[in-house]
Amino acid sequence: MIGHTGSGKTTFARVLAPKLGVPHVELDALHWRSGWVMAPPAEVQARVAEIVEGDGWVIDGNYGGTLGTTVLDQADQVVWLDLPFRTTFPRVVRRTLRRLRTREQLWQTTNRESFRSAFFSRDSILLYSIKTHRHRRRRCRELLQSRPHVTLRSPADVERYLG
């Protein structure tokens with residue numbers, strides 16, 4: 001499961017995995033430690049290598065810089081949530097505001113989004129979403145050319161696929 005920030009990868013994967021009777025793995029949860037510290041790439045790679053050797057799984061996330069094409073190469077089918085920016089960006093804003101309001105802890109760590117990091121940081125998820133949307137679409141298109149995949153371009157496509 002790949003897609004842009006706010007495309008609904010994790011939500012989609014949480015619904016799909018039980019339908020298939022396989023575990024759901026969120027790459028963000030493997031990647032981030034408490035204090036917003038990134039896990040060492042070798043550790044993430046080893047954990048993912050072990051997971052993809054299993055009989056079945058639904059993995060959501062991108063992390064091509066850390067994992068290369070490890071997950072894509074082992075997938076029976078890749079689902080690309082290729083929703084337009086006009087859909088994904090408002091979702092990122094709503095999710096960020098919700099997390100700020102509820103002080104939600106992320107990925108079983110002590111990590112929480114902060115107002116400052118969300119709106120006034122170079123590492124802002126909002127800024128990241130704006131800066132990477134076009135590039136990520138182009139990169140996903142290249143990665144999937146020779147792999148079995150389905151591209152879902154709207155919330156309606158997502159609902160139909162999960163139905």
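Residues numbered from 1 in each chain as written. Predicted model: local features only at pLDDT ≥ 70, side-chain atom pairs only at ≥ 80, totals over all residues. Heavy atoms only, no water.

1. Some details on the packing of aromatic side chains
- Under the definition given, this model contains 6 aromatic pairs.
- Among the aromatic side chains, those forming a connected cluster through ring pairs are W32, W36 and W107. (Phe/Tyr/Trp six-rings, centres within 6.5 Å; stacked < 30°, edge-to-face > 60°.)

2. What to know about the pattern of salt bridges
- For the structure shown, the criterion picks out 9 salt bridges.
- Here E104 ties to R98 by a salt bridge, and the two come within 3.1 Å at their closest N and O atoms.
- By relative accessible area, which is 26% here, E104 ends up partly exposed.
- Residues joined by salt bridges that share partners form a network here, namely D82, R137 and R153. (Salt bridge = Lys/Arg side-chain N within 4 Å of Asp/Glu carboxyl O. Buried < 20%, exposed > 50% of the residue type's maximum accessible area, 1.4 Å probe, protein only.)

3. Let's talk about the pairing of strand β6 (residues 78-81)
- Going residue by residue along β6, you find V78 and W80 tucked away on one face and V79 and L81 tucked away on the opposite face as well.
- Both strand β1 (residues 2-3) and β6 contribute to a ladder of 2 bridges, which runs parallel. Following the sheet pairing, I2 is matched in β6 by W80.
- Taken together, the 4 bridges between β6 and strand β7 (residues 149-152) define a ladder with parallel strand orientation. Note on β7: the bridge partner recorded for L81 is L152. (Helix = DSSP H or I, 4+ residues; strand = E, 2+ residues; numbered from the N terminus. Pairing = 2+ DSSP bridges.)

4. Remarks on a nonpolar patch on the surface
- A surface patch of nonpolar side chains, amounting to about 430 Å² of accessible area, comprises L97, F115, F119 and F120.
- By the secondary structure assignment, F115 is in helix α7 (residues 115-119). (Patch = residues over 30% accessible without salt bridge, like charges linked within 9 Å, V, L, I, M, F, W, Y side chains within 5 Å. Areas by Shrake-Rupley, 256 points an atom, 1.4 Å probe, with all protein chains shown as cover.)

5. Focus on the nonpolar core
- Formed by 19 residues in total, the largest nonpolar core has its most connected members in I2, V48, I59 and V71.
- Listing elements by their share of this core, those giving two or more residues are α2 (27-31), α3 (41-52), α5 (70-74), β6 and α8 (125-144).
- A13, L16, A17 and V79 belong to the second-largest nonpolar core, a separate cluster that totals 13 residues. (Core = buried A, V, L, I, M, F, W, Y, C linked by side-chain atoms within 4.5 Å.)

6. Details of α3
- The end-to-end C-alpha distance of α3, which contains 12 residues, comes to 16 Å, matching closely the 16 Å that a straight helix rising 1.5 Å per residue would cover.
- For α3, the complete set of buried residues consists of V44, V48 and V52. When α3 is viewed along its axis, its buried side chains cluster within an angular range of 60° and face the same direction. Opposite the buried face of α3, at more than 90 degrees from it, the exposed residues are A42 and E50.
- Contacts from the buried residues of α3 go to α2, β5 (58-60), α4 (64-67) and α5. (Expected span 1.5 Å × (residues − 1). Arc of directions from axis to C-beta. Contact = heavy atoms within 4.5 Å.)

7. With respect to the side chain of E113
- For E113, the location among the structural elements is in the loop between α6 (85-102) and α7.
- At a separation of 2.7 Å, a polar atom in the side chain of E113 contacts the side chain of R99.
- Beyond its immediate stretch of four places on either side in the chain, E113 contacts W36, T96, R99, L100, R103, L106 and I125. (Polar contact = N/O pair within 3.5 Å; in protein donor to acceptor, adjacent residues only side chain to side chain.)

8. Re the sheet that holds β1
- An order of β1-β6-β7 is seen for the 3 strands of this open sheet, with the pairing classed as parallel. Across the chains shown, the open sheet's two edge strands, defined by having one partner strand only, are β1 and β7.
- Taken strand by strand, α8 contacts β1, β6 and β7, and its axis lies near 160° from that of β6.
- Contacts between helix α9 (residues 155-162) and the sheet are confined to β6 and β7, with β7 contributing the most and set at about 135° to the helix. (Axes fitted to C-alpha atoms, helices over the stretch in contact; angles between N-to-C directions.)

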